[in-house]
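One letter stands for each residue in the lines below.
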Amino acid sequence: MTTLRMFIGLSILLVPAASAYEDQARESRPNLEIRGIYGGVPTRIFEGGETLEDYGINAVWIGSGGATSEVVSGLKAKAPGVRVFAEFNTMHDAEYLTDHPDAAPVGTDGERSPAPDGWQGICPTHEGHRRDRMAAFRKTLADAPIDGIWLDYHHAHASWEQAEPNLPDTCFCDRCLKAFSKATGTPLGDGPTAAISARLLGEHRRAWVDWRCGVFTDWVREFRAIVDEVRPDALLGTFHCPWTVEERDGALRDKLAIDLKAQAEYVDVFSIMPYHARFGHADDPAWISRQTAWLGEHLGIRGEPGERHKIWPIVQVADWGEKVRPEDVGAIVDHGTRAPSTGVMIFHWSGVGGDPAKLREIGKAYRGYR
């Protein structure tokens, strides 16, 4: 009897505490809309006789190649109410160069720029590649009942998803040089590519950077037009580098050709990628919310009802380089869901699906905000 009374007494003490925690979570995240998983269909959950609801998950991101009508419809049937989004690769396509070597980015020396750390980009003015990507984008939207589609790798030839990025200057192919000169009225002068690129990165740097950003933004404009035509109720999102415009000497625009303010005319959701452990902040999950807060200030997004634009960060829970401890998952999700964020997703399913401890912590965090 004594043991039973102690158990009952302990239960009475614990239940209000848990309830109070969940109430506090709901009060502090009243506008949280999305609790997602990125990186594939979470089949292990279903195979274990559980549901996405058991883990508080209400959204899933899968690669466009796997976003077939059968897969998307099947997932929605198993998890009523779940939102399914496709991830679409725009510029990371080494295979395309096999038959189209002229699509390779050209460096300051006039030669093909090596793939930085194995990341192979594509020249953004190559018309054939653009047509190819737009056709694939249209097909993804038309073929499956997705709720939105997210642009991925939509930046210049570079490897930035690491603590020390590799950011070559490109693209100085004849096609890009002619397009820039025609669009801006800037005379390039004579001489080898090395001399021309030096002038573009020197006296003409601002015009060159603005033009390059405009090229990538124009892709986004065309993607938006296709969404509006094919599946107008779908969201257009973008996964993007988490740096501020001042960090790394302005590399967000100057090196990656990402102009977030310009893209905001066409994008609905900005999914900043603050992979804290990967980027050297393994012991500082608050870096996630600091970068997200900057993004909100930069774009004028507060995370309030009725806003057109939304911020849904993708946060690192899977190991990638630095390990992520299960006991840190709660803090990671906490910082990923702080205003102006109104949604969050876990990177990535293949890295956490087989880790019961991390899944348990994801579920605990998500259920608290449900």
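Read on for a plain summary of the structure. These numbers come from a predicted model, not from an experiment.

1. Things to note about the overall build of the protein chain
At step 1: Looking only at helices and strands, the protein chain features 14 helices and 9 strands.
At step 2: Over its C-alpha atoms the protein chain spans a radius of gyration of 23 Å, differing by no more than 12% from the 21 Å that the globule rule assigns to 370 residues.
At step 3: With the C-alpha coordinates of the protein chain rotated into their principal frame, the extents come out at 95 × 40 × 35 Å.
At step 4: The buried share among the 370 residues of the protein chain stands at 51%.
At step 5: Counted over contacts in the protein chain with a minimum sequence separation of 6, partners at least 24 positions apart contribute 76%.
At step 6: For the protein chain, the accessible area works out to roughly 16300 Å², and carbon and sulfur atoms hold 51% of it.
At step 7: Here the protein chain holds 41 positive side-chain charges and 53 negative ones, and the gap between their average locations is 3 Å.

2. Some words on unusual backbone geometry
At step 1: Here the bond from T170 into C171 is cis, since omega is -5°, no more than 30 degrees from zero.
At step 2: Among the secondary structure elements, C171 is positioned in the loop between β4 (148-152) and α6 (174-184).
At step 3: The omega torsion across A339 and P340 is 15°, close enough to zero to call that bond cis.
At step 4: In this structure, D117 is a non-glycine residue whose phi angle is positive, near 55°.
At step 5: Relative to the helices and strands, D117 resides in the loop between α4 (96-99) and α5 (127-143).

3. So, the packing of aromatic side chains
At step 1: Using the criterion set out here, one finds 24 aromatic pairs in the structure.
At step 2: Taken together, a centroid distance of 6.3 Å and an interplanar angle of 85° make the contact between W61 and W312 edge-to-face. Placement of W61 in strand β2 (residues 59-63) and of W312 in the loop between β7 (310-311) and β8 (314-316) is noted, with a sequence separation of 251 residues between them. The two residues W61 and W312 agree in class, both being buried.
At step 3: Feature note: the residues Y38, W160, F239, W243, Y275, F279, W287, W320 and F347 constitute an aromatic cluster, connected by ring pairs.

4. Comments concerning the packing of helix α12 (residues 329-336) against helix α14 (residues 356-369)
At step 1: Running from amino to carboxyl end, α12 crosses α14 at an angle of 40°, the nearest separation of the two axes being 9 Å. The orientation of α12 relative to α14 falls into the category oblique. Here α12 and α14 pass one another in a crossing that is right-handed. Seen from α12, the contacting residues are V329, V333 and D334; seen from α14, they are E361, I362, A365, Y366 and Y369.

5. What about the environment of D109?
At step 1: The topology assignment puts D109 in the loop between α4 and α5.
At step 2: Placed 63 residues apart in sequence, D109 and F172 show a C-alpha to C-alpha distance of 8.4 Å.
At step 3: A polar atom in the side chain of D109 sits 2.9 Å from the backbone nitrogen of E111.

6. Comments concerning the pairing of strand β5 (residues 235-240)
At step 1: For β5, the buried fraction is high: 6 of the 6 residues fall into the buried class.
At step 2: Taking every second residue as pointing to the same face, both faces of β5 are buried, with L235, G237 and F239 on one and L236, T238 and H240 on the other.
At step 3: By the bridge criterion, 4 bridges tie β4 to β5 in an arrangement that is parallel. The partner of W150 across the bridge, within β5, is G237.

7. Digging into the side chain of R212
At step 1: Here R212 shows up in helix α8 (residues 205-230).
At step 2: Of the side chains with opposite charge, D169 lies nearest to the buried R212, which makes no salt bridge, at 6.0 Å.
At step 3: Of the polar contacts made by the side chain of R212, one reaches the backbone oxygen of D254; its length is 3.4 Å.

8. What about α6?
Side chains of residues three or four places apart in an α-helix project in the same direction, reflecting 3.6 residues per turn.
At step 1: Taken residue by residue, α6 has C176, L177 and F180 as its buried positions. Across the axial projection of α6, the buried residues extend over an arc of 100°, all falling on one side. α6 presents D174, K178 and K182 as exposed residues on the side facing more than 90 degrees away from its buried surface.
At step 2: Each element contacted by the buried residues of α6 is listed here: α7 (193-200) and α8.
At step 3: Positioned one or two residues after α6, G185 has a phi angle of 70°, which is positive.

9. A closer look at the nonpolar core
At step 1: Judged by nonpolar contacts, the single largest core of 111 residues is most densely connected at L52, W61, F137, I149, W150 and I346.
At step 2: With 11 residues, the single largest contributor to this core is α8.
At step 3: Beyond its immediate sequence surroundings of up to four residues, I149 is in contact with A86, F88, F137, T140, L141, V227, L235, L236 and G237.

10. Quick look at the sheet that holds strand β6 (residues 269-272)
At step 1: If you trace the 9 strands from one edge of the open sheet to the other, you get β7-β6-β5-β4-β3-β2-β1-β9-β8, paired in parallel fashion. Each edge of the open sheet carries a strand with a single partner, namely β7 and β8.
At step 2: On the sheet, α8 packs against β3 (83-89), β4 and β5 and is oriented at approximately 150° with respect to β5.
At step 3: Packed on one face of the sheet, helix α11 (residues 286-299) meets β5, β6, β7 and β8 and runs near 150° to β6.

The rules behind these values
- Residues numbered from 1 in each chain as written.
- Predicted model: local features only at pLDDT ≥ 70, side-chain atom pairs only at ≥ 80, totals over all residues.
- Heavy atoms only, no water.
- Helix = DSSP H or I, 4+ residues; strand = E, 2+ residues; numbered from the N terminus.
- Rg over C-alpha atoms; globule rule 2.2 N^0.38 Å.
- Buried < 20%, exposed > 50% of the residue type's maximum accessible area, 1.4 Å probe, protein only.
- Contact = heavy atoms within 4.5 Å.
- Areas by Shrake-Rupley, 256 points an atom, 1.4 Å probe, with all protein chains shown as cover.
- Lys, Arg positive; Asp, Glu negative; His and termini not counted.
- Charge placed at Lys NZ, Arg CZ, Asp CG, Glu CD.
- Phe/Tyr/Trp six-rings, centres within 6.5 Å; stacked < 30°, edge-to-face > 60°.
- Axes fitted to C-alpha atoms, helices over the stretch in contact; angles between N-to-C directions.
- Parallel < 35°, antiparallel > 145°, perpendicular 65-115°, else oblique.
- Left-handed = near helix turned anticlockwise from the far one by under 90°.
- Polar contact = N/O pair within 3.5 Å; in protein donor to acceptor, adjacent residues only side chain to side chain.
- Pairing = 2+ DSSP bridges.
- Salt bridge = Lys/Arg side-chain N within 4 Å of Asp/Glu carboxyl O.
- Arc of directions from axis to C-beta.
- Core = buried A, V, L, I, M, F, W, Y, C linked by side-chain atoms within 4.5 Å.

It is worth stressing that arrangement in space is one thing and function is another; only the former is reported here.
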